[in-house]
Amino acid sequence: MSKQKQSKIGTVQAMLKRPSGASLDAICAVTGWQPHSARAALSGLRKAGFTIDREAARKEGGDPVYRITAGPEDAA
């Protein structure tokens, strides 16, 4: 049996669930999306019930990091 290919939004979810989270640039690099599309995907995940935290850049000029802290199943 072959492994099923993961969707781009599934890849983004996996990136955001990591303890280190993911920057918008990293999401764009992996998916091939433009920044506005990556932000729209984050908004879609929020509307689906995920809680996404944004951590400010750790250094001057750095990118903020996004992380899923709770899923829709946690709201029940």
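Residues numbered from 1 in each chain as written. Predicted model: local features only at pLDDT ≥ 70, side-chain atom pairs only at ≥ 80, totals over all residues. Heavy atoms only, no water.

Draft legend 1. Quick peek at the sheet that holds strand β2 (residues 51-55). Spatially, three strands are ordered β1-β3-β2 in an open sheet, and the strand pairing comes out antiparallel. Among the strands making up the open sheet, the edge pair consists of β1 (22-23) and β2. (Pairing = 2+ DSSP bridges. Helix = DSSP H or I, 4+ residues; strand = E, 2+ residues; numbered from the N terminus.)

Draft legend 2. Geometry of the nonpolar core. By size, the foremost hydrophobic cluster in this structure holds 14 residues, and its most contacted members are L16, I27, L42, L45, I52 and Y66. If sequence neighbours within four positions are ignored, Y66 has contacts with L16, G21, A22, L24, L42, R46, I52, D53 and R54. (Core = buried A, V, L, I, M, F, W, Y, C linked by side-chain atoms within 4.5 Å. Buried < 20%, exposed > 50% of the residue type's maximum accessible area, 1.4 Å probe, protein only. Contact = heavy atoms within 4.5 Å.)

Draft legend 3. Examining helix α1 (residues 8-17) more closely. Inspection of α1 places G10, V12, M15 and L16 among the buried residues, and these make up the whole buried set. On its buried face, α1 sits against β1, α2 (24-31), α3 (35-47), β2 and β3 (65-70).

Draft legend 4. Summary view of α2. Within the sequence span of α2, burial applies to L24, I27, C28 and T31. Buried residues along α2 cover an arc of 100 degrees about the axis, so they all sit on one side. Here the buried face of α2 lies against α1, β1, α3 and β3. Just beyond α2, the residue with positive phi is G32, at close to 80 degrees. (Arc of directions from axis to C-beta.)

Draft legend 5. Molecular detail of the environment of A56. Here A56 lies in the loop between β2 and β3. For A56, a relative accessible area of 53% translates into the label exposed. As a C-alpha pair, A56 and Y66 span 10 residues in sequence and 9.0 Å in three-dimensional space.

Draft legend 6. Highlighting the environment of A70. Looking at the secondary structure, you find A70 in strand β3. Sequence separation of A70 and I27 is 43 residues, and the distance between their C-alpha atoms is 19 Å. In contact with A70, not counting residues within four places along its chain, are G49, F50 and T51.

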